[in-house]
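Coordinate inspection notes
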Amino acid sequence: MALHVSEERSELGRSLLERKAMTPDWVETFMAVPRAFFLPEVMWPFNMDSGTHVRVSWREDPKAWLRYADADLPIVTQWDDGDSEASGTVPTSSLSMPSVVFRMLSALDVKPGQRVLEIGTGTGWNAGLLANRLGLDNVTSIEIDPKVADAARDRLAAHGLLGLVLTRDGVLGDPAGAPYDRLIATAGLRQIPTAWIEQLRPGGVLVAPWGTHYSNADAVVRLTTDSQGASGHFVGPVEFMKLRSQRLPFDGHSAYVSNGTAGADRSTTDVTEAELLGESRFDPRTFAIGLRVRDCYRSMAAKRDGARPVWFYGLDDRSWACVMFRDGQNADVWQDGPRRLWDEVLEALGWWHAADQPGHERFGLTVAKDGSQQAWLDSPEAAWPV
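Report follows, based on the coordinates. (Residues numbered from 1 in each chain as written. Predicted model: local features only at pLDDT ≥ 70, side-chain atom pairs only at ≥ 80, totals over all residues. Heavy atoms only, no water.)

**Concerning the packing of helix α9 (residues 284–292) against helix α10 (residues 341–354)**
What counts is decided by this rule: Axis definition: a line fit to C-alpha positions, over the contact stretch in the case of helices; interaxial angles, taken between N-to-C directions, run 0 to 180 degrees. Per the convention used, a helix needs a DSSP run of H or I reaching at least four residues, while a strand needs a run of E reaching at least two, with both numbered from the N terminus. Here the word oblique covers every angle except those under 35 degrees (roughly parallel), over 145 (roughly antiparallel) and from 65 to 115 (roughly perpendicular). Here is the rule for handedness: rotate from the far helix to the near one, and if that takes an anticlockwise turn smaller than a right angle the crossing is left-handed, while a clockwise turn gives right-handed. Here, residues are in contact when the closest pair of their heavy atoms is within 4.5 Å. Throughout this entry, Asp, Glu, Lys and Arg are counted as charged residues, while Ala, Val, Leu, Ile, Met, Phe, Trp, Tyr, Cys and Pro are counted as nonpolar. The remaining residues, Gly among them, count as polar.
Running from N to C, α9 and α10 cross one another at 125 degrees; their axes reach a closest spacing of 9 Å. The angle between α9 and α10 places the two elements in the oblique class. As α9 runs across α10, the sense of the crossing is right-handed. For the pair formed by α9 and α10, the contact residues are P284, R285, A288, I289 and R292 on the first element and V345, A348, L349, W351 and W352 on the second. Residue classes in the contact of α9 with α10 are distributed as eight nonpolar, no polar and two charged.

Put into structure tokens, the structure is as follows:
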């Protein structure tokens, strides 16, 4: 592949700087380590207009391939844990949007001479950026998938950026190489592994996408370690493929609802669809509800003929709830099981409004040495378990 500084890539760099997604200290590395170096010949960029992934081949259309490589879009590079060579059911490895990559690197705040542990090598681009900035000996990356790890090693080596890439479960970290100054994860988490905190120096920084099972959305958290564990604020919403050992433990709709809504408690609500869901999948109210309603998974069907059902499933029992929104009408609600999940969601939504509708940045996370997690709003002194 013959690569050059395309107009699209130059425009991407300017755009990242203008939006403050990339800080000036990363410009030299951005120019030296093109994203295209780390992409496979066949890839599946996410088309924002259609909301779908499109197949793009270097051999079939190199201009389109380069255009997508230099666009601020996420690109899927593996489906179904490698079981499918073509577009499959579930994307399981990808290259994140450049704006997300550089926002997370900015939050990591690396300094010369520091050692970094990366969890989730993927294509190797993030490891390559760090190696260019800090030196090969200061970057260790871990990838659970052997084929993905081998491909990343080949790409990094081809461009003189190969540090240490380990093939293992990233949950374990790298005890042999500890302590590290920084740790960055490129997979979505629902629980921060205690090994990661233990393998950071006191005052070390951990940056990772974290969220709850309530939705697939995450938020980047920046934690600083101390003698008690680690604590810090969230810095903005993202969405990542989940760490394999922390994927959603959901047994499917039929495990909860075998007889339709028959026998469930029925009521109505004047809460509207917009009031519950907000303006986008990254609406902070969704994040807040997930923090307040523990062990709950929300699922939304597509809107059809002015109606949309939203389901809630308890992950600690078989409780469920469904609210059926219809344009111009109060919504019907059904609840069944020991938990009143819709009531819990309503209470959480009311709490979010009473707190002046906080965005992601007002929330924080504290992780104790025993692995227990607490979320908080504005201050760790007002925390609750998650």
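Moving on from the coordinates now.
**Things to note about empty space enclosed by the protein**
Note the threshold: Each cavity reported here is a set of points on a 1 Å grid over the protein atoms alone in which a 1.4 Å probe fits but cannot get out, each pocket an open set with protein on both sides within 12 Å along at least five of seven lines, and each lining residue one with an atom within 4 Å of a point. Grid points are joined across faces, edges and corners, and a volume is the space filled by probe spheres set on the points.
Using the criterion set out here, one finds three cavities of 30 Å³ or more in the structure. Quantified by volume, the largest cavity comes out at close to 50 Å³. In terms of lining residues, the largest cavity is bounded by S215, A217, D218, P237, R281, F282, D283, T286, F287 and H360.

**Examining the side chain of R155**
How we decide: Any residue under 20% of the maximum accessible area for its type is buried, any over 50% is exposed, and the rest in between are partly exposed; the area is computed with a 1.4 Å probe on protein chains only. We treat Lys and Arg as the positive residues and Asp and Glu as the negative residues; His and chain ends play no part in the count. Basic side-chain nitrogens of Lys or Arg form a salt bridge, by our definition, when they fall within 4 Å of a carboxyl oxygen of Asp or Glu.
Structurally, R155 can be placed in helix α6 (residues 146–158). Of the side chains with opposite charge, D154 lies nearest to the buried R155, which makes no salt bridge, at 7.8 Å. The residues touching R155, leaving out its near neighbours within four places in the chain, are F37, F38, L39, P40 and T123.

**Re unusual backbone geometry**
In this chain, A178 is followed by P179 through a cis amide linkage whose omega measures 5 degrees. Its place among the elements puts P179 in the loop between β8 (164–167) and β9 (180–185). Unusually for a residue other than glycine, K20 sits at a positive phi of about 60 degrees. One non-glycine residue, D81, adopts positive backbone phi at about 55 degrees. Of note, D81 is situated in the loop between β4 (75–79) and β5 (91–95).

**Some remarks on the environment of V148**
By the element assignment, V148 lies in helix α6. When the C-alpha positions of V148 and D270 are compared, they lie 49 Å apart, and in sequence the two are 122 residues distant. Not counting chain neighbours up to four residues away, the residues in contact with V148 comprise Q78, S93, G122 and E143.

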